[in-house]
Every structure is written in structure tokens, then in C-alpha cells.
Amino acid sequence: MRDKQEYRKIMMEQEPVSRLIPRMAVPTIVAFLITSIYNLADTYFVSSLGTNATAAVSVNASLDQIIMMAGSMLAVGANSYIARLLGAKREEYASRVLSVAFYLAFAFGALVLIFGSVFMAPMVRLLGATPTCEQYAIDYATYVLLVAPFMACNFVMNQCLRAEGSATLSMIGMAAGGILNCFLDPIFIFVFDMGVAGASLATAISKLVSFAILVFPYASRRSLLKISLRRCKPNLDILTQIVTVGSSSLLRSGLAVVSAIVLNNIAGDISDSVLAGIGVTNRVMMFPFGVILGIGTGFQPVVGFNWGAKRYDRVMESYRFASKMALVVAVVMSLGLAVFANQTISLFGEEDVYMREIGALSIRLQCVAMPIHAWVAIVNMFCAGLGRAKGAMLLSTARQGTCFLPIVWVMARFGGAYGVAAVQAVADVLTLFLAIPVIRYVLRQIRAVETAAQAET
């Protein structure tokens, strides 16, 4: 353990940031891309069943986010506390934290399963299903709800495997499920003629396979940490640590759910074509946004470590490199997507001209705003890495919260379907006006601390 910590210290403080940040970012980028493929596979195969079926899958994306909401809070909070406990060589208590988070996630998933199954029709209508796609939405939600407890647990195990240094295994767990889903979708949808329910069953099986892979090192006692019901003993310290750190993730996920439900309902009131077009766009844009978020996730621990080590030169060097990297990647990806927007959206609805028009417009507008989104994401991670919780919270909730919700009804009222297609891009531009004063304030603080440190030496 000591050798590993010493190696990490040398790597964080001495390896050139131009190599270190990409190396830290790649596993997360791969994981995000796999998740994107996971989601797009369902949409692609279901799109052959018609616009109404595609709209139903878009509606059920909000169900996934609801399951993710508490799971990600528990995962992020437990991951942070477990990492600190492992650094302090308190492995047994870390296993207790993991067990508490795991069983709480399972319990939350079970509640979603019970209430979702009992109130299935009202639930899908609340999520944005229209009368013409309601039955499709019910068909899709049925099997996804059955694996909700395991999906919630997957978030916890994925994060906590990373906390103990098993990032590759967590990536394999996600990758195996995503790849399997791509193969199972056409079998259940077309060969077994299950339609939308087949896509849901394929997703459910894939989630269970991911769960089996992620839980294997714990069940076989090959992991540093242990999960057991005996260790699930929540106390005030564990719950406080998990909730305090994970609350920002909960708020961000909660706002994403609210925004998605609001947008689904507004788009559905216009037509199923608009609902399907916006839903497909959101899933397509997960690819570039996943890469950007991966860069930020790789950058955050580098800047945090060097801030703690008082290597302020490395802090600023990391910020400048990550900003340039994110901007270059965003420009390249946005140009490629904007040029092929029509071809991309046609993969999911070649016969629906209106759906293609709205989807292609939304993709192109979000591509225009993508460099702004990329830089704001780096500023957000910069604040988080330095422990500036207020700045991180402000920016993490802006894109689909404070900069989105106040304008969505206005843009839909005056712009109709085109306003709905543009709302996310406009929200991304508005986040810039929050990020600029935040970064100026943070940079002033860094200069002040650096000056004070130089005066002492």
C-alpha cells in the first residue's frame, strides 16, 4: 500500500500534465462512451418500429435518471469517504461504508420497482408519454423496473471499485453489459418479435450481467473491500459523510430528471415527432459530452492533489492544459457532428421528416455551444478539485437547472418546436455568464495563496 501511495505521489507531482491528464481521463471516457452506446442501441433498433416507439424510449430515459439519482449520490459520497479511509488504512470501516451504501442503493431501487409497478400508467404519463406512445412506454418500463435495485447498486460498486484502484474492472463491468445489449436487442425485438418490450428485456439482462461482473470481486473476496449484510451498520458519521459529499450529485441528477420530464411533456404536447427528435438528440450528444466529462474527471484529481501538495504551478498548468484540451476536442467533435447531423439523426427515423428536421437542428445548435460547455465543465471540475463547493455546485446545476428551467417554457411558447430544439444550446451559452465570474474569483484566490506562500519562504 505504501509503495502504491508513493508511486501515486510521484506521478501526480512530477509526470508532465500533458501525459498525466489524458492517462487519467481515458478510462472514464471509455466508460462514458460505452454507456452512450448502451443507450443508443435501444433507440436505434426500436426506431424501426416507428416514431411512437422511439418517443417511448426517450420518455423512459427519465426513468433511468430517477434510478441513477439516489444511486449516484450514494456512489459519489461513498467513493469519496472510502478513498480517505483507505488512505488512513481503515479498511474494515471502509468496507462498512461500502456495505451501507450498497444496501441503501438496493433499497432505493426496490422502492422504485414497487411504486413504478403499482403506478405504471400514471408514472409514464408523468415522465412525458403521450396517449399514442403510452403503451410503448409501459412495455419498455416493465423489465427496466424489475432490475432497478441492481442498477442502483451498479453505480455504487462502479465508483467504489475505482476508489480502491480497480478502474479497469469497473470499466469491464460496464463494457460487457453495453456490448451484450447491442447483440440482444435485435434478437428480442425482431427474432422473438417482442417489439419495445424486447428492447427493455435486453437492457434488463445486460444490467444484470454488469451487476454480476461488478459484484464478483466482492463475492469472491478478491477485492480489498468487502460487502456483507453484517457490515451494513449505518451510523451518523457514515450517513453524514455520504450525504454531504453526494448531495451535489443528487441535486444535479434531480435537476436533470426534472428538466427531462419538463422537456418531454412540452415536446410531447407538440407531437411525438418532436419528442422523439429531442430524445434521440440527447442520446447522440452523450458521446461528445461523455468525452468532455471524461477529460474533466481526469483533470480533477490532478489539480486537487497538487493543490493539497502546494504545487500551485502545477495547479495552474493543469488548468490551462485541460482547458485547451477540452476546447480542441469540443471543436473537432462539434464540427464532425454538425456536418453529419442529418445522416446521424436519419439512423433513428428515416421515414419521419419532421423528427429528422427537429433532431438535426438541435444537434447543430448544441454543437455551436459545445466549446462553451466544454470550458464550463473544466471550470466546474477545477472548483471541485480545489474544494470550492459553492462554485462547483453553482456550475454543476446550471446546465439543466438554473439556466435551463427558467427559459424552457418561454422558448417553447414563442418558438414552438424550434424553440424546444434550441433550449439546451441557449442554456449552455447562459452558463458562460456564471462561469466567468467564478473562474476570476478562483484565480484571484490561487494568486493570493501563492503570493502568501512565497512570502513565507
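Structure first, text after, so check above.
What you see is a predicted model; the values in this text were computed from it and never measured.

S.K.: So what exactly am I meant to see when it comes to the overall build of the protein chain here?
M.R.: Check the secondary structure of the protein chain and you find 18 helices and zero strands. For the protein chain, the C-alpha radius of gyration of 22 Å lies close to 23 Å, the compact-globule estimate for 457 residues. The principal-axis extents of the C-alpha atoms in the protein chain amount to approximately 70 × 50 × 35 Å. Long-range pairs, those at least 24 residues apart, make up 83% of the contacts in the protein chain between residues at least 6 apart in sequence. Element-wise, carbon and sulfur atoms account for 67% of the exposed surface of the protein chain, whose accessible area totals about 19,500 Å². Positive and negative side-chain charges in the protein chain, numbering 35 and 25 respectively, have mean positions lying 12 Å apart.

S.K.: What's the story with the pattern of salt bridges in this structure? I'm lost.
M.R.: Oppositely charged side chains are able to pair whenever their charged atoms sit close together. Inspection of every chain in the model, using the stated rule, returns five salt bridges. Arg125 is paired through a salt bridge with Glu134; the nearest N and O atoms lie 3.0 Å apart. When its relative accessible area of 42% is taken as the criterion, Arg125 is described as partly exposed. Between Asp428 and Arg399 there is a salt bridge, with the nearest N and O atoms lying 2.6 Å from each other.

S.K.: Got a minute to help me understand the environment of Met325 in this structure?
M.R.: The topology assignment puts Met325 in helix H13 (residues 312-339). Taking C-alpha positions, Met325 is 21 Å from Val284, a pair spaced 41 residues apart along the chain. Every residue in contact with Met325, bar those within four places of it in the chain, is listed here: Pro22 and Ile295.

S.K.: Teacher, can you tell me more about the packing of aromatic side chains here?
M.R.: The relative placement of two aromatic rings is captured by the distance of their centres and the angle of their planes. Within this structure, the stated rule accounts for ten aromatic pairs. Between Tyr44 and Phe348, the ring centres sit 6.2 Å apart and the planes meet at 90 degrees, which makes this aromatic pair edge-to-face. Here the residue Tyr44 occupies a position in helix H2 (residues 17-46), and Phe348 occupies one in the loop between helix H14 (341-346) and helix H15 (353-386), the gap between them amounting to 304 residues. When its relative accessible area of 41% is taken as the criterion, Tyr44 is described as partly exposed. With relative accessibility at 6%, the residue Phe348 sits in the buried group. Cluster of aromatic residues (ring-pair linked, three or more members): Phe102, Tyr103, Phe106, Phe150 and Phe211. Positioned over the ring face of Tyr93 is Arg90, at 4.7 Å from the centre of the ring.

S.K.: Explain helix H6 (residues 134-146) to me, please; I cannot follow it from the model alone.
M.R.: Each full turn of the α-helix corresponds to 3.6 residues, which orients residues three or four apart in the same direction. For H6, which comprises 13 residues, the first-to-last C-alpha distance of 19 Å matches the rise-based estimate of 18 Å (1.5 Å per residue) to within 8%. For H6, the complete set of buried residues consists of Glu134, Ala137, Ile138, Tyr140, Ala141, Val144 and Leu145.

S.K.: Which parts of the structure should I look at to understand the packing of helix H11 (residues 272-284) against H15?
M.R.: Direction vectors running N to C along H11 and H15 enclose 35 degrees, while the axes themselves pass 8 Å from each other. In the packing of H11 onto H15, the handedness of the crossing is right-handed. Facing Ser273, Val274, Ala276, Gly277, Ile278, Thr281, Asn282 and Val284 of H11, the residues of H15 in contact are Tyr354, Met355, Ile358, Gly359, Ser362, Ile363 and Gln366. A class-by-class count of the residues in the contact of H11 with H15 yields eight nonpolar, seven polar and no charged.

S.K.: Would you mind showing me how to read the packing of H2 against helix H9 (residues 196-219) here?
M.R.: Angle between the axes and distance between the axes: these two values describe a pair of packed helices. One can describe the packing of H2 onto H9 by two numbers: an axis separation of 10 Å at closest approach and a directional angle of 160 degrees. Taken together, the axis directions place H2 and H9 in an arrangement best described as roughly antiparallel. Judged by the twist between their axes, the crossing of H2 over H9 is right-handed. The segment H2 lies against H9, with Tyr38, Asp42 and Val46 engaging Val196, Ala199, Thr203, Ser206 and Lys207.

S.K.: What am I meant to see in a nonpolar patch on the surface here?
M.R.: Residues Leu49, Ile187, Phe190, Val191 and Phe192 make up a contiguous nonpolar surface patch of roughly 460 Å² in combined accessible area. Here Ile187 lies in helix H8 (residues 167-191). Since its relative accessible area comes to 34%, Ile187 is described here as partly exposed.

S.K.: Would you mind showing me how to read the nonpolar core here?
M.R.: If you look at soluble globular proteins, the nonpolar side chains tend to sit buried side by side. Core analysis: the biggest nonpolar cluster contains 137 residues, and Leu63, Ile82, Val97, Phe299, Tyr319, Phe382 and Ile446 have the highest contact counts within it. Looking at this core element by element, the count peaks at 17 residues for helix H18 (residues 405-456). Beyond its immediate sequence surroundings of up to four residues, Tyr319 is in contact with Phe299, Trp375, Ile378, Val379, Phe382 and Ile439.

S.K.: Teacher, can you tell me more about H11 here?
M.R.: With 13 residues, H11 extends 18 Å between its outermost C-alpha atoms, agreeing within 8% with the 18 Å of an ideal straight helix rising 1.5 Å per residue. Taken together, the buried positions of H11 are Asp272, Ser273, Val274, Leu275, Ala276, Gly277, Ile278, Gly279, Val280, Thr281, Arg283 and Val284.

S.K.: Whenever I open this one, the side chain of Ser396 confuses me. Can you help?
M.R.: With respect to the helices, strands and loops of the structure, Ser396 is situated in helix H16 (residues 389-396). The exposure class of Ser396 is buried, given its relative accessible area of 10%. Within polar-contact distance, the side chain of Ser396 engages the backbone oxygen of Met393 at 3.2 Å.

S.K.: Please explain the environment of Leu113 as it appears in this structure.
M.R.: Position of Leu113 relative to the elements: it lies in helix H4 (residues 91-118). Note: C-alpha distance between Leu113 and Ile372 (259 residues apart in sequence) is 38 Å. Non-local contacts of Leu113, meaning those with residues more than four positions away in its chain, are made with Leu145, Leu146, Ala148 and Pro149.

S.K.: Is there a simple way to think about unusual backbone geometry in this case?
M.R.: For residues besides glycine, phi is generally negative; the peptide bonds are generally trans as well. Notably, Asp193 is not glycine yet its phi reads approximately 55 degrees, a positive angle. Mapped onto the elements, Asp193 comes out in the loop between H8 and H9. The class of Asp193 is exposed, set by a relative accessible area of 65%.

S.K.: Just to check I follow, could you spell out the state of the cysteines for this structure?
M.R.: As used here, a disulfide is simply a covalent bond connecting the sulfur atoms of two cysteines. For the structure on display, the rule yields zero disulfides. Left without a disulfide partner, Cys383 is nearest to the cysteine sulfur of Cys403, which lies 15 Å away.

The rules behind each value
Residues numbered from 1 in each chain as written. Predicted model: local features only at pLDDT ≥ 70, side-chain atom pairs only at ≥ 80, totals over all residues. Heavy atoms only, no water. Helix = DSSP H or I, 4+ residues; strand = E, 2+ residues; numbered from the N terminus. Rg over C-alpha atoms; globule rule 2.2 N^0.38 Å. Contact = heavy atoms within 4.5 Å. Areas by Shrake-Rupley, 256 points an atom, 1.4 Å probe, with all protein chains shown as cover. Lys, Arg positive; Asp, Glu negative; His and termini not counted. Charge placed at Lys NZ, Arg CZ, Asp CG, Glu CD. Salt bridge = Lys/Arg side-chain N within 4 Å of Asp/Glu carboxyl O. Buried < 20%, exposed > 50% of the residue type's maximum accessible area, 1.4 Å probe, protein only. Phe/Tyr/Trp six-rings, centres within 6.5 Å; stacked < 30°, edge-to-face > 60°. Lys NZ or Arg CZ within 6 Å of the ring centre and 35° of its normal. Expected span 1.5 Å × (residues − 1). Axes fitted to C-alpha atoms, helices over the stretch in contact; angles between N-to-C directions. Left-handed = near helix turned anticlockwise from the far one by under 90°. Nonpolar A, V, L, I, M, F, W, Y, C, P; charged D, E, K, R; others polar. Parallel < 35°, antiparallel > 145°, perpendicular 65-115°, else oblique. Patch = residues over 30% accessible without salt bridge, like charges linked within 9 Å, V, L, I, M, F, W, Y side chains within 5 Å. Core = buried A, V, L, I, M, F, W, Y, C linked by side-chain atoms within 4.5 Å. Polar contact = N/O pair within 3.5 Å; in protein donor to acceptor, adjacent residues only side chain to side chain. Disulfide = S-S within 2.5 Å.

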